[in-house]
Structure formats: C-alpha cells, structure tokens
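One-letter residues, chain by chain:
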Amino acid sequence: MKQIYFCCLLLGSLFANAQTEIDGIMMSKKQLCTGAVYQYSAWDNYWEGSFKRDNQNLGTVSNNNISVNANYGVSDKLNVIVSLPYITTKASAGTLKGQNGLQDFSATVKYMPIEKTIGDATYSLYTIAGISIPTTNYVADYLPLSIGSQSRTGTFRLMGDYQKGHFFTTLSGAYLKRAKITIDRNAYFTNEMIYSNEVAMPDVINVNFRMGYRSSRLIAEAIVDNQVTQGGFDITQNNMPFPSNTMNAVKVGVHTKYTFPKKEALSLVGGFNRVLDGRNVGQTNAVYAGLFYIINFNKK
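Note that the coordinates shown come from a computational prediction; the quantities given were computed from them, not determined experimentally. (Residues numbered from 1 in each chain as written. Predicted model: local features only at pLDDT ≥ 70, side-chain atom pairs only at ≥ 80, totals over all residues. Heavy atoms only, no water.)

*Asks:* Explain unusual backbone geometry to me, please; I cannot follow it from the model alone.
*Replies:* Phi is mostly negative for residues that are not glycine, and the peptide bonds are mostly trans. Here Leu 143 and Pro 144 are connected by a cis peptide whose omega angle stands at 10 degrees. For Pro 144, the position within the fold is in the loop between strand 8 (121–134) and strand 9 (153–164). One non-glycine residue, Asn 238, lies in positive phi territory at about 60 degrees. When you line up the elements, Asn 238 lands in the loop between strand 16 (218–230) and strand 17 (248–259). (Helix = DSSP H or I, 4+ residues; strand = E, 2+ residues; numbered from the N terminus.)

*Asks:* I tried to follow the packing of aromatic side chains on my own but got confused; where do I start?
*Replies:* Centre-to-centre distance and the angle between the planes together describe a pair of aromatic rings. As enumerated under the stated definition, the model contains six aromatic pairs in all. Geometrically, the ring pair formed by Tyr 258 and Phe 260 is edge-to-face, given 5.4 Å between the ring centres and 80 degrees between the ring planes. Relative accessible area serves as the criterion here: at 29%, Phe 260 is assigned to the partly exposed category. Cluster of aromatic residues (ring-pair linked, three or more members): Tyr 188, Phe 233 and Phe 242. (Phe/Tyr/Trp six-rings, centres within 6.5 Å; stacked < 30°, edge-to-face > 60°. Buried < 20%, exposed > 50% of the residue type's maximum accessible area, 1.4 Å probe, protein only.)

*Asks:* Would you mind going over the pairing of strand 18 (residues 266–279) with me for this structure?
*Replies:* In summary, the side chains of a regular strand alternate between the two faces of the sheet. When strand 17 meets strand 18, the two strands line up antiparallel, connected through 12 bridges. Bridge pairing links Val 252 to Arg 274 in strand 18. Between strand 18 and strand 19 (residues 285–296), which follow one another and run antiparallel, lie five residues, and Asn 280 among them has a positive phi close to 60 degrees. (Pairing = 2+ DSSP bridges.)

Everything listed here is a matter of coordinates, which is why it stays silent on function.
Below, the structure is given as structure tokens:
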C-alpha cells in the first residue's frame, strides 16, 4: 500500500504494495487492510545530466524507509488509502551528514467506475486522485541526502486492468502537480540566477505497466515504470543536486504478495527494483518486504 510519491529519485522510490492505488485490486466494503513495509535502497553511480558517473565524496548513498499504510473499502468500488513513511539517509564517504524523519503524509481515493466480464476475461477501469503533504520541517535543499522535496503534490491517475484466468496486465498513467517550495537561501542558480527563496517545482508524468499471475493466494508480477519530469534543469558539473532538477528514471522490478492459507487476513509482500536509465538520478537498487492484516467490519 503505498503511494507512488515523488520525493527525490536520487533516493529511490517504492514499488512496495499490498492493495494500492496503482494495482488492479480493490478492498471490499467495510474492510480495512493495514500494515507496514520496510525498504532498503542504495546507489553509488548516478547520472549528472546524461553523463553517468560516481562520486568518491559520497561513496554509496543509502535510504532506509519504513512506511505505515492503510486501505479502507468505503464500498466495493471506492477505496481510501493513506500512507506515512519514516526515512533515514546516509552516505558512506565524505562529510555530508545523513538525515532522518517523517516525510510526507499521502491520502488517495481510488474509484472503479467500470468492471465488465466478457467471456472469461474481466476488464476494469479506475480513476485515482491523491494528495501528499509534508508532515515535518525537513530540509529539502540538501540533496542527495534530503528525505524529500517539501512540495505539496496532487496526483491524478487513470488505470486499466485486464485479467483472464490467473494472467493479468495493468497499465496506468498519472500526472503529478507539484507546488512551489521555500528554501533557506535568498538566491540560487538554475539556468539563470534567481533572487528568491521560492523554487518552482516541475510537474511529473508517470507511466506504469505490470503483468503476471494473480490469484486469491498469490500475486507475482513484473513491473516497468517510467517517470518524466516536465521541465527542470540538469545538475551542473561537480555540483550538488537541486530540488527542481530534471529527474527522469526508467525502473524495472518484481513484486510478490502471498496470503497465508490458514490465516486469510494475513499477507506478506516483497520485491526488488532497479533504475535502468535516468537523468539526474542515482542508479538505485531497492529491496522491500512488508506484512499486512485485513480487519473485517462487516456484520456477520
């Protein structure tokens, strides 16, 4: 159960989920799925613009992320999802100090207006809208060790799902609208000198494709995710990243979810993902695992 949140791709991002805003699964009416996911991600190579390099002043930059999540079924067609992560960052070399703290609270409404079975195949359409809001006054202008961007973000996603037997495919596209942020300096350089403490954050377009096996006991899927910043600028040579940099990434991963046969309310999730190509992002490898429990509020 996550968000796709866009804090900073240099830190990596979660694929981890149980029932989320980005898969073709809905919680039933008056059921609550709650749990936590732990993710570890790290990189030692990154793209400075389109140039791939390392940085011995940073070494390996790592990110530990613990996210608490909940998904409630208002109805069989309408779910409300919330999430809050605690993030710790660290660099293995140099003098930059890692950061830690609560990041952004996200709330998402997931609605399935269409679900139609034709023959032995089921087609579903989803509309998803969400917001994320920083919960603490963490420092955004401290990349790549900041825990987030401090930008209030609104997301709208359209998603289609196809399932025939146990085989499924899911395709979705999202637009992320990001608000300006305020940093602790009165001037900064992008492609020009700007005399202000306000930073205009570029919006983001995300496309996510997944396919695999789905049953009531087991989900196993392969995922391709492409995130493209709508504007921004490149990291200048041998300089630190900046919150409004262009941050593009193509990621691939695998995700599994297993529901225990004798405890159907309990499920285990896990997976791995890697950034294959990008711009102003780290070549991140991430691994995650989580445990979720369903509480049924329906009257017996």
